[in-house]
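Listed here are the chains, written in short residue letters.
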There are 2 protein chains.
Amino acid sequence: MKEWEKNFRRVVPYTPGEQPKNANVIKLNTNENPYPPSPKVMEALQAVSRDRLRLYPDPTASVLVNAIAARYEVEPECVFVGVGSDDVLAMAFMTFFQSAKPVFFPDITYSFYPVWADLFRVPYKKIPLAEDFSIRPQDYYPANGGVIFPNPNAPTSRYESLEVLEDILQHNQDVVVIIDEAYIDFAGPSALPLLKKYENLLIVQTFSKSRSMAGMRIGYAIGSPGLIKAMSDVKYSFNSYTMSQACLAMGTAAVEDEEYFQEMIRRIRRTRDMSGQRFKELGFSFPEPGANFIFVKHERSKARDLFALLRENNIFVRYFDQPRIDDYLRVTIGTDQQMDALFAFLKKHL
Amino acid sequence: MKEWEKNFRRVVPYTPGEQPKNANVIKLNTNENPYPPSPKVMEALQAVSRDRLRLYPDPTASVLVNAIAARYEVEPECVFVGVGSDDVLAMAFMTFFQSAKPVFFPDITYSFYPVWADLFRVPYKKIPLAEDFSIRPQDYYPANGGVIFPNPNAPTSRYESLEVLEDILQHNQDVVVIIDEAYIDFAGPSALPLLKKYENLLIVQTFSKSRSMAGMRIGYAIGSPGLIKAMSDVKYSFNSYTMSQACLAMGTAAVEDEEYFQEMIRRIRRTRDMSGQRFKELGFSFPEPGANFIFVKHERSKARDLFALLRENNIFVRYFDQPRIDDYLRVTIGTDQQMDALFAFLKKHL
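Residues numbered from 1 in each chain as written. Chains lettered and ligands numbered in written order. Predicted model: local features only at pLDDT ≥ 70, side-chain atom pairs only at ≥ 80, totals over all residues. Heavy atoms only, no water.

Visitor: When you look at the sheet that holds strand β8 (residues 219-223) of chain A in this model, what are you seeing that I'm missing?
Guide: Hydrogen bonds along the backbone pair up the strands of a sheet, which may run parallel or antiparallel. Residues and elements named next belong to chain A. Strand order in the open sheet made by the seven strands is β2-β8-β7-β6-β5-β3-β4, with mixed pairing throughout. The open sheet terminates on both sides in strands that have one partner only, identified here as β2 (79-82) and β4 (124-127). Ignoring which end each strand starts from, the neighbouring axes of this sheet average 20 degrees apart. With five bridges connecting them, strand β7 (residues 201-206) and β8 associate as antiparallel partners. Residue pairing across strands places Gln-205 opposite Tyr-220, the latter belonging to β8. (Pairing = 2+ DSSP bridges. Helix = DSSP H or I, 4+ residues; strand = E, 2+ residues; numbered from the N terminus. Axes fitted to C-alpha atoms, helices over the stretch in contact; angles between N-to-C directions.)

What follows is the structure, given as structure tokens:
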């Protein structure tokens, strides 16, 4: 080891899902939206002026913040934006979880949580989900340094009711509770109304899934002004200008096109319902899906083998080689045509 | 204080230069390029496809990394890209400065350095510049946890020769030395050739100044594969996908248009030379400028008053209310027309 290497921060990085370079792939592995963003987003892109690009963007990203605030009926002081919800969550870990007590999150959940905790030296404890992958609120009653979980959860796709969430919030009023709603638009109601009662609640959402903009990197958090101020202070201590001129313009256009947004969600939910039916017919079981993916287990075939077989045939899904879920595949909902191809293949090979 | 607020990370954030909303301002306060980016950048923007936007970008940003590697004649393993050079520098602070010994940087320098150090709890020591704002290499000989400084320095605009840099490198072979070359294209030779001799050297550059793309947020570092790997691990532990599809396409187009780049630099250097002459005629003095700004002090007028007067008249420059430099104004080099307006105003009011 070189002398200077002794001063390195050593980490085990998060492994994102594969981004195949081959365009002929049926890509059901990273929960992208199969439909493109609103045409209004493209108009906004085309309208970005050459002279605009030479100037730093507004560090407060106010045009985008205001659009999100208007859409969700909150004050702009309650909105934080970042480079995808991963950036927002990283900032939240760095800002809110400075306790010596462990932060609680489920054992089966977004695998970036322990990575952020390690990066920022945040102690944490994984709380096992129940056998059916549900969250048991009472497991979150003991003293902790904060709570975070996605709803719907990933990779299970399970949605927890607002009663479950409020139970957890009622028992955790002295720490920040983060609900990661990356997939909420495909599920039941959001926890947003709970913000009125819980100043320590932070809700994180993203443009990458329901708004079809994974390629532009836009995420946001909604919470009380005190939480948002603390996160913004940390953000301004890290990078003042994170949202490019193109992001600001395109993100604003996306959030303003409500009709297109609702229509895309309707389509994906419809395909999800049909896909669930077809998975069942082929001998798969799965938790009731709330997100734009289904977490399936076959009655006979090994998930690992099926994953490899699909991959060889240019159908990419996600497999997690970890305890409790190594019998499962996470399959993103694609277009009807893509799902047809998947099911035709499965029918032939199972 | 609310109970959960006890777990917050408390910071004093960096204050970026003002981004006035009024478009009729002569904006010489944040070192932006007065000329727009290459027309090829606009073509790349127009060519971003709608279907591309729904997909996550390549997390390795390989198209952009390869273009930078080709331009600077290094291997792609030697290139790291981020959301502006501030993002790159934040990652570098987080990755390389984990020593208990203080990191050294000049007392007068980019004011973000102590902010990052505080954010990541990196001990640091400010090393006073000489009276003429030069860096004295011997001041960097004592044991430390790393070294960072800009060349040319900001806000002084002073450029240090490669001999000075190599003197510092020779005496700091056990720590990472970062040379922040945000403004190097407006100055003498880059320290890039020193990379062959010093594996512990990291050079950081940006698209925000010489490539006229502050609005798109692209920065990069060039260093040995060991340094880049360590930074990438930290980056992948923070946010896997930082560079949007638009950034990748536009950044690549920018770095490939060498002719436009050289022409814009020639223009700015020419305007800088003429502006220096005019400042002198009006009773200003300044260190020999290496960057796209001049750090001027008037023989009689107080910098603070001049700053306020200019601002009232819609001419924005930068004033730093801090010891040793509170007699100075940092004036970005604008177009010839903008500089004419500045000097006409100064002539009338001094």
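Visitor: What am I meant to see in the sheet that holds strand β12 (residues 318-319) of chain A here?
Guide: All names here are of chain A. Strand order in the open sheet formed by four strands is β9-β10-β13-β12, with antiparallel pairing between adjacent strands. Unpaired on one side and paired on the other, β9 (284-285) and β12 mark the two borders of the sheet. Taken together, the two bridges between β9 and strand β10 (residues 293-298) define a ladder with antiparallel strand orientation. Within β10, the position partnered with Phe-284 by the bridge is His-298. Running at roughly 0 degrees to β10, helix α9 (residues 258-281) makes contact with β9, β10 and β13 (328-332) of the sheet. Set on the sheet, helix α10 (residues 303-312) makes contact with β9, β12 and β13; between it and β13 the angle comes to about 40 degrees. (Contact = heavy atoms within 4.5 Å.)

Visitor: What is the right way to look at the packing of aromatic side chains in this model?
Guide: What characterises a pair of aromatic rings is the spacing of the ring centres plus the angle enclosed by the ring planes. Within this structure, the stated rule accounts for 53 aromatic pairs over all chains. Relative to Phe-97 of chain B, the ring of Phe-93 of chain B lies with its centre 5.1 Å away and its plane at 85 degrees, an arrangement referred to as edge-to-face. For the pair Phe-93 of chain B and Phe-97 of chain B, a shared accessibility class is recorded, and that class is buried. Ring pairs connect the aromatic residues Tyr-14, Phe-93, Phe-97, Phe-105, Tyr-110, Phe-112, Tyr-113, Trp-116 and Tyr-124 of chain A, which therefore count as one cluster. Lying across the ring of Tyr-72 of chain A, Arg-71 of chain A places its NZ or CZ 4.5 Å from the centre. Its guanidinium or amino end placed over the ring of Phe-293 of chain A, Arg-330 of chain A lies 5.6 Å from that ring's centre, counting from NZ or CZ. (Phe/Tyr/Trp six-rings, centres within 6.5 Å; stacked < 30°, edge-to-face > 60°. Buried < 20%, exposed > 50% of the residue type's maximum accessible area, 1.4 Å probe, protein only. Lys NZ or Arg CZ within 6 Å of the ring centre and 35° of its normal.)

Visitor: Would you explain the relation of the copies chain B and chain A in this entry?
Guide: Superposition of the two copies of the chain requires a rotation about an axis together with a shift along that axis. When chain B is brought onto chain A, the operation consists of a screw motion whose angular component is 180 degrees and whose axial shift is 0.0 Å, with 0.0 Å RMSD remaining. Expressed as a symmetry operation, the mapping of one chain copy onto the other fits a two-fold axis. Taking C-alpha positions as the reference, the residue of chain B nearest the rotation axis is Gln-46 of chain B, at 3.0 Å. With an isologous cut-off of 70% or more, the 100% of interface residues of chain B that recur at the interface of chain A puts this contact in the isologous class. (Least-squares fit on C-alpha atoms with pLDDT ≥ 70 in both.)

Visitor: Looking at this model, I keep getting lost on the nonpolar core. Mind explaining?
Guide: One broad trend across soluble globular proteins is that nonpolar side chains are buried collectively. Counting residues in each nonpolar core, the largest one holds 116 residues, and the members touching the most others are Ile-68 of chain A together with Ile-68 of chain B. When residues no more than four places from it in sequence are discounted, the contact partners of Ile-68 of chain B are Val-79, Val-81, Phe-207, Tyr-220, Ile-222 and Val-255 of chain B. Among the nonpolar cores identified, the runner-up in size contains 74 residues, and Trp-4 and Phe-238 of chain A together with Trp-4 and Val-122 of chain B belong to it. (Core = buried A, V, L, I, M, F, W, Y, C linked by side-chain atoms within 4.5 Å.)

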